[in-house]
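Results of the structural survey
The lines below spell out each chain.
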Amino acid sequence: IVNAQTTNVHLKDGTAIKINSSSVSNTKFINDSEESKAIIQYYNGETATYTKDEFDYIDFCTNTEVKVKEHEALIALYNSTNGDKWTYNDNWGSDKPLNEWYGITVDENGHISQLNLMNNNLSGSLPQNIGDLLYLNALFLGNNHLTGSIPSSINNLASLQTLNLRVNNWSGSMEAIGGLTNLKRLFIDYCQLSDFPEWVRNLQNLSSLSLDGNKIKGKIPEWLGEL
């Protein structure tokens, strides 16, 4: 049994299956004369089994490696959103613990659990590696000047329950948010939307949705009642 965080299972057919590290408890390898296989065990009790005929190799990401990627994601966010012009950027980029960086909350294991940069003069676009903040459960980026699309990597944030992107200048697609199936609260008011976002239909755990201040026309879709 390997008590490490699985990140990718590479199959022999050339495909790679992304497994969010925050959801995997351990991976068990069984190697005997009859059958060799890898069993990925999730914290929710589910398992995924791959035989030796299916998988080629598996990437692991240790706790230390996860923290390095979290740190790199924060620096990328700072650089891509003009961090030197933020209203508050106390300790960002310094050697001080991350919980002393402005707007950051960490959990008991030192992973970033919340990032609150609301009303902080962020501009520019979000970096692709924002998806490396794997333990994030709340992300507040509202009331800034952010543009562009929501990076596809945001789908990696399987623990995310609250996402606040309100009052920004998003000019690209927000469809990637539709992959956040555990999301409970979504604030995308005043985000230049002209159509009711169809991808909201995928957010089956959603309990709060804010869409005011947009330019949406037409009827409220019937499937909204399925959420």
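The coordinates are above.
Anyway, here's the lowdown on the structure attached to this text. Just so it is clear, the structure is predicted and the values come from calculations on it, not from any experiment.

Of regular secondary structure, the protein possesses 1 helix and 14 strands. Overall, the C-alpha framework of the protein stretches about 65 × 50 × 30 Å when taken along its three principal axes. For the protein, the residues scored as buried account for 42% of the 227 residues in total. Sequence-distant contacts, at least 24 apart, represent 43% of the contacts inside the protein between residues at least 6 apart. By element, 44% of the accessible surface of the protein is carried by carbon and sulfur atoms, the whole surface being about 11700 Å².

Here we take up the pairing of strand β5 (residues 47–51). Bridge analysis of strand β4 (residues 36–42) against β5 gives 5 bridges, and the strand direction is antiparallel. What sits directly across from Q41, in β5, is T47. Between β4 and β5, which pair antiparallel and follow one another directly, the connecting turn spans 4 residues, one of which, G45, has a positive phi of 95°.

Reading across from one edge, β7-β8-β10-β12-β13-β14 is the order of the 6 strands in this open sheet, with mixed pairing throughout. Of all the strands in the sheet, the pair left with one neighbour each is β7 (104–106) and β14 (208–210). The mean inter-strand angle of the sheet, taken between neighbouring strand axes irrespective of direction, is 10°.

What follows covers the nonpolar core. Within the largest apolar cluster, 43 residues are counted, with the highest numbers of intra-cluster contacts made by W92, L115, L163 and I177. Every element with two or more residues in this core is listed here: α1 (63–80) and β8 (112–116). The contacts of W92, once residues within four sequence positions are left out, are L74, L77, Y78, W86, W101, Y102, I104, L115 and L117. Counting 9 residues, the second-largest nonpolar core is a separate cluster that includes V9, L11, I40 and I58.

Below, the discussion takes up the pattern of salt bridges. If you walk through the whole model with that rule in mind, you get 2 salt bridges. Here D189 and R166 are joined by a salt bridge, their closest N and O atoms 2.7 Å apart. A residue pair is termed long-range when its members are at least 10 positions apart, and D189 in the loop between β13 (185–187) and β14 and R166 in the loop between β12 (162–164) and β13 qualify at 23 residues. The closest approach of N and O atoms between E226 and R201, which form a salt bridge, is 3.9 Å. Of this pair, E226 sits in the segment after β14 while R201 sits in the loop between β13 and β14, and the two are 25 residues apart along the sequence. We classify R201 as partly exposed; its relative accessible area is 36%.

Our next topic: the environment of N119. With respect to the helices and strands, N119 occurs in the loop between β8 and β9 (123–124). For the pair N119 and N144, spaced 25 residues apart in the sequence, the C-alpha separation amounts to 5.4 Å. With residues near it in sequence (within four places) discarded, N119 still touches G142, N143 and N144.

In the Ramachandran plot, N82 falls in the positive-phi region, its phi being about 55° despite a non-glycine side chain. Mapped onto the elements of the fold, N82 is located in the loop between α1 and β7. Judged by relative accessible area, N82 falls into the partly exposed class, the value being 31%. Phi is positive for V167, which is not a glycine, with a value near 55°.

All right, on to the packing of aromatic side chains then. This structure, assessed with the given rule, holds 6 aromatic pairs. Relative to W101, the ring of W92 lies with its centre 5.3 Å away and its plane at 45°, an arrangement referred to as tilted. On the accessibility criterion, W92 (9% relative accessible area) is buried. A residue is classified by how much of its surface remains accessible, and W101, at 2% relative accessible area, is buried. Between F196 and W223 the ring centres are 5.7 Å apart and the planes differ by 75°, which places this aromatic pair in the edge-to-face class. Residue F196 is found in the loop between β13 and β14, and its partner W223 is found in the segment after β14; the two are separated by 27 residues along the sequence. W223 shares its class with F196; the two are buried. By way of ring pairs, the aromatic residues Y78, W86, W92 and W101 are connected into one cluster.

Thresholds applied
Residues numbered from 1 in each chain as written. Predicted model: local features only at pLDDT ≥ 70, side-chain atom pairs only at ≥ 80, totals over all residues. Heavy atoms only, no water. Helix = DSSP H or I, 4+ residues; strand = E, 2+ residues; numbered from the N terminus. Buried < 20%, exposed > 50% of the residue type's maximum accessible area, 1.4 Å probe, protein only. Contact = heavy atoms within 4.5 Å. Areas by Shrake-Rupley, 256 points an atom, 1.4 Å probe, with all protein chains shown as cover. Pairing = 2+ DSSP bridges. Axes fitted to C-alpha atoms, helices over the stretch in contact; angles between N-to-C directions. Core = buried A, V, L, I, M, F, W, Y, C linked by side-chain atoms within 4.5 Å. Salt bridge = Lys/Arg side-chain N within 4 Å of Asp/Glu carboxyl O. Phe/Tyr/Trp six-rings, centres within 6.5 Å; stacked < 30°, edge-to-face > 60°.

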